[in-house]
Amino acid sequence: MTTAAVSVPMPSVPRKRRSPEEIAAAGEVAGPKKVLLAAPRGYCAGVDRAVIAVEKALEHYGPPVYVRKQIVHNVHVVSSLEAKGAIFVDETDEVPEGALVIFSAHGVSPAVVQSAENRGLRTIDATCPLVTKVHREAVRFAKDDYDILLIGHDGHEEVEGTSGEAPEHIQVVNGPHEVDKVQVRDPEKVIWLSQTTLSVDETMETVRLLKDRFPTLQDPPSDDICYATSNRQAAIKKIAPQADLVIVVGSANSSNSVRLVEVALEYGAKASHRVDFANQVDESWFAGVGTIGVTSGASVPEVLVQDVLRLLAEYGYGDVEEVVTAEEDLLFSLPKELRATLKEAGDSSRSLGGRGSRPAS
């Protein structure tokens, strides 16, 4: 059984769109027009799992279901779930006592978990298992009295959650420009961890500079940057040198979507822009453009990418070539709190979340 898609109106664009003929007159295109479509793109296993968790909670418990922070960083997904009865809050003290609250895919600190417990809230933890892995690493190395350098962005929900596991041992390093400010107690007992959605290249440059300062700096036991982030960046790196324009579908607060724009420009795209919806694409971007790269962040449903492709086809970019750099088949079990409810109800329709197992809408 799948939940019916909810149609969410896209934000209006206060201008009249210029015609294909007007754009063609604004700049000639040398050669054929085409689209290079990145693969993999869009939903990762952790996002899929989190969205299914909210949908299934709404089905079995009924609305309202409260969600702390955005379940994933995507405007369309959040609006769709709100239309089905989800209520998004910033903190647990906004949730009525005894109600059900779901923790987002980005994870929470122990203090948030304790706050929910103090209020008698029922909880479902939809933290991505790859983020949970980083949390466990932080706990492990703090227990061994290491200084932990967490490479990430101050204020991002994932960084707040990880830092909250061992605040006395963790300091956040926002990028290469902050390496000189890092202070540690013992240079022989330092390890770095990272936010899972960062630019791979910038993270490794930060690590290189940190190792110049602290030669015995330890690497995490396994790669912290998630497979989906790495794969989407690898795909756009292959496309960018051939692209006059790259369009990234994703929301402004989606770290991995914003990084895709930066990676596209760094690897040779002449221009790159991020949009939430197809009607945010500015057709003036097409003037003189032959090849357009298209990708999407790890929290973006495929339906939004298809909307962009339909728009591009209207402007002559109907030739779409998929550029495949990796295959993804990772699946995660739904949160344990929810699995027990589904089992009791005899609902076996969706017990996993992951790439390729979810309808496009």
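First, a word on what this report is: a plain description of the structure on this page.

**With respect to the nonpolar core**
Stage number 1. Counting 35 residues, the largest nonpolar core has V54, I71, V72 and I102 as the members making the most contacts within it.
Stage number 2. Those elements that provide at least two residues to this core are α2 (45-61), β2 (65-68), α3 (75-84), β3 (86-89), β4 (100-103), α5 (129-143) and α11 (336-345).
Stage number 3. In this structure I102 touches A53, V54, A57, V65, Y66, V67, R68, I71, I124 and A126, once residues within four positions along its chain are discounted.

**A word on the packing of helix α8 (residues 227-239) against helix α9 (residues 255-266)**
Stage number 1. Running from N to C, α8 and α9 cross one another at 25°; their axes reach a closest spacing of 9 Å. One finds that α8 runs roughly parallel with respect to α9. Crossing of α8 against α9: the hand is right-handed. Each of T229, R232, Q233, I236 and K237 in α8 lies in contact with α9, whose residues at this interface are N256, R259, L260, V263 and A264.
Stage number 2. Broken down by class, the residue content of the contact of α8 with α9 amounts to four nonpolar, three polar and three charged.

**Here we look at unusual backbone geometry**
Stage number 1. For the bond running from A39 to P40, omega is 10°, close enough to zero to count as cis.
Stage number 2. Within the secondary structure, P40 sits in the loop between β1 (34-39) and α2.
Stage number 3. The peptide bond linking P63 to P64 adopts the cis configuration, its omega dihedral lying at 0°.
Stage number 4. As for its position among the elements, P64 is in the loop between α2 and β2.
Stage number 5. A positive phi is found at K69, a non-glycine position, where the angle reads about 65°.
Stage number 6. One can find K69 in the loop between β2 and α3.
Stage number 7. Relative accessible area serves as the criterion here: at 16%, K69 is assigned to the buried category.
Stage number 8. A positive phi angle, near 65°, is found at D145, a position not held by glycine.

How each quantity is defined
Residues numbered from 1 in each chain as written. Predicted model: local features only at pLDDT ≥ 70, side-chain atom pairs only at ≥ 80, totals over all residues. Heavy atoms only, no water. Core = buried A, V, L, I, M, F, W, Y, C linked by side-chain atoms within 4.5 Å. Buried < 20%, exposed > 50% of the residue type's maximum accessible area, 1.4 Å probe, protein only. Helix = DSSP H or I, 4+ residues; strand = E, 2+ residues; numbered from the N terminus. Contact = heavy atoms within 4.5 Å. Axes fitted to C-alpha atoms, helices over the stretch in contact; angles between N-to-C directions. Parallel < 35°, antiparallel > 145°, perpendicular 65-115°, else oblique. Left-handed = near helix turned anticlockwise from the far one by under 90°. Nonpolar A, V, L, I, M, F, W, Y, C, P; charged D, E, K, R; others polar.

All we've got here are geometric facts, nothing functional implied.
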